[in-house]
Amino acid sequence: MSEHDAWLHEAEAIAEGGHVRTDDGALCNALASPLAPHCNGLTPEQLLAAAFASCLHHAAVEAAAQVTDEAHTVQVRAQARLGRDPDGRYHADVHASISSVGLTRDQLADLVAHADRLWPFSSSDGGRHSLTVAAADGRQR
């Protein structure tokens, strides 16, 4: 089995010309520009917060089924901050919380622990993700 056979889902996004869009067109938004502060659009920290909230929400909904056999509405709130290191590189700090009406404190704690283990950016093990940044091959789509 190849590495890619194990992937459940795949998506692609392109950022250019002041916009970001997914390859299927489901998401298309203007981006803020560090060179044009007067332009309106989503900032990197907004996109990070949305991506982390969405990813953790997916895991939390799945985890809720392991905690209780009742249907519960799960809410994930994520806060992302970007800063600069002394050498000029960005660093990110993300905090997320999960809530669900109708769960006991113990059930909610179980849901949070299970969801944190499921998603690839776990707070306990350094994450199960990889990132590769490379020069494009010169062909534009």
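None of the values given here were measured: they were computed from a predicted structure. (Residues numbered from 1 in each chain as written. Predicted model: local features only at pLDDT ≥ 70, side-chain atom pairs only at ≥ 80, totals over all residues. Heavy atoms only, no water.)

J.: Got a minute to help me understand the environment of Leu27 in this structure?
T.: If you trace the backbone, Leu27 turns up in the loop between strand 2 (19–22) and strand 3 (28–30). Residues contacting Leu27, with those up to four places away along its chain left out, are Val20, Arg21 and Thr22. (Helix = DSSP H or I, 4+ residues; strand = E, 2+ residues; numbered from the N terminus. Contact = heavy atoms within 4.5 Å.)

J.: For this particular structure, what's the right way to read the packing of helix 1 (residues 44–67) against helix 2 (residues 105–118)?
T.: For any two helices packed against each other, one specifies the crossing angle of their axes together with the interaxial distance. Axis separation between helix 1 and helix 2 bottoms out at 8 Å; the angle between their running directions is 130 degrees. Considering the angle they form, helix 1 stands oblique to helix 2. In the packing of helix 1 onto helix 2, the handedness of the crossing is right-handed. Together, Leu56, Ala59, Ala60, Glu62, Ala63, Ala64, Gln66 and Val67 of helix 1 and Gln107, Asp110, Leu111, His114, Ala115 and Leu118 of helix 2 make up the contact between the two elements. Grouping the amino acids of the contact of helix 1 with helix 2 by side-chain chemistry returns 9 nonpolar, 3 polar and 2 charged. (Axes fitted to C-alpha atoms, helices over the stretch in contact; angles between N-to-C directions. Parallel < 35°, antiparallel > 145°, perpendicular 65-115°, else oblique. Left-handed = near helix turned anticlockwise from the far one by under 90°. Nonpolar A, V, L, I, M, F, W, Y, C, P; charged D, E, K, R; others polar.)

J.: Just to check I follow, could you spell out the pairing of strand 2 for this structure?
T.: Along any regular strand the residues' side chains alternate between the sheet's two faces. On strand 2, burial follows the alternation: Val20 and Thr22 on one face are buried, whereas His19 and Arg21 on the facing-out side are not. One ladder, built from 4 bridges, connects strand 1 (residues 13–16) with strand 2; its direction is antiparallel. Paired with Ala13 across the two strands is Thr22, which belongs to strand 2. Taken together, strand 1 and the strand that follows it, strand 2, pair antiparallel across an intervening segment of 2 residues, in which Gly17 is found at a positive phi of about 55 degrees. The sheet contact formed by strand 2 and strand 3 spans 3 bridges and is antiparallel. In the strand pairing of strand 3, His19 is matched with Ala30. (Buried < 20%, exposed > 50% of the residue type's maximum accessible area, 1.4 Å probe, protein only. Pairing = 2+ DSSP bridges.)

J.: How should the pairing of strand 5 (residues 90–100) be read in this particular structure?
T.: Sheet topology places strand 4 (residues 74–84) next to strand 5; 11 bridges connect them, and they run antiparallel. Its bridge partner lying in strand 5, Ala80 is registered against Val94. What sits between strand 4 and strand 5 in their antiparallel hairpin is a turn of 5 residues, with Gly88 showing a positive phi close to 95 degrees.

J.: Would you explain the packing of aromatic side chains in this entry?
T.: Two measures describe an aromatic ring pair: the distance that separates the ring centres and the angle between the ring planes. The final tally for this structure, using the stated rule, is 0 aromatic pairs. Directly above the aromatic system of Tyr90 lies the positively charged group of Arg84, at a separation of 3.9 Å from the ring centroid. (Phe/Tyr/Trp six-rings, centres within 6.5 Å; stacked < 30°, edge-to-face > 60°. Lys NZ or Arg CZ within 6 Å of the ring centre and 35° of its normal.)

J.: Explain the sheet that holds strand 3 to me, please; I cannot follow it from the model alone.
T.: Backbone hydrogen bonds hold the strands of a sheet together, and the pairing may be parallel or antiparallel. The antiparallel open sheet is built from 3 strands, whose spatial order is 1-2-3. Of all the strands in the sheet, just strand 1 and strand 3 have a single pairing partner and so form its edges. Averaged over all pairs of adjacent strands, the angle between strand axes in this sheet comes to 15 degrees, irrespective of strand direction.

J.: Is there a simple way to explain the pattern of salt bridges in this structure?
T.: When their charged atoms lie close together, side chains carrying opposite charge are able to pair. Here the structure, examined in full by the defined rule, presents 3 salt bridges. For Arg21, the salt bridge goes to Glu16, with nearest N and O atoms at 3.7 Å. Judged by relative accessible area, which is 45%, Glu16 ranks as partly exposed. (Salt bridge = Lys/Arg side-chain N within 4 Å of Asp/Glu carboxyl O.)

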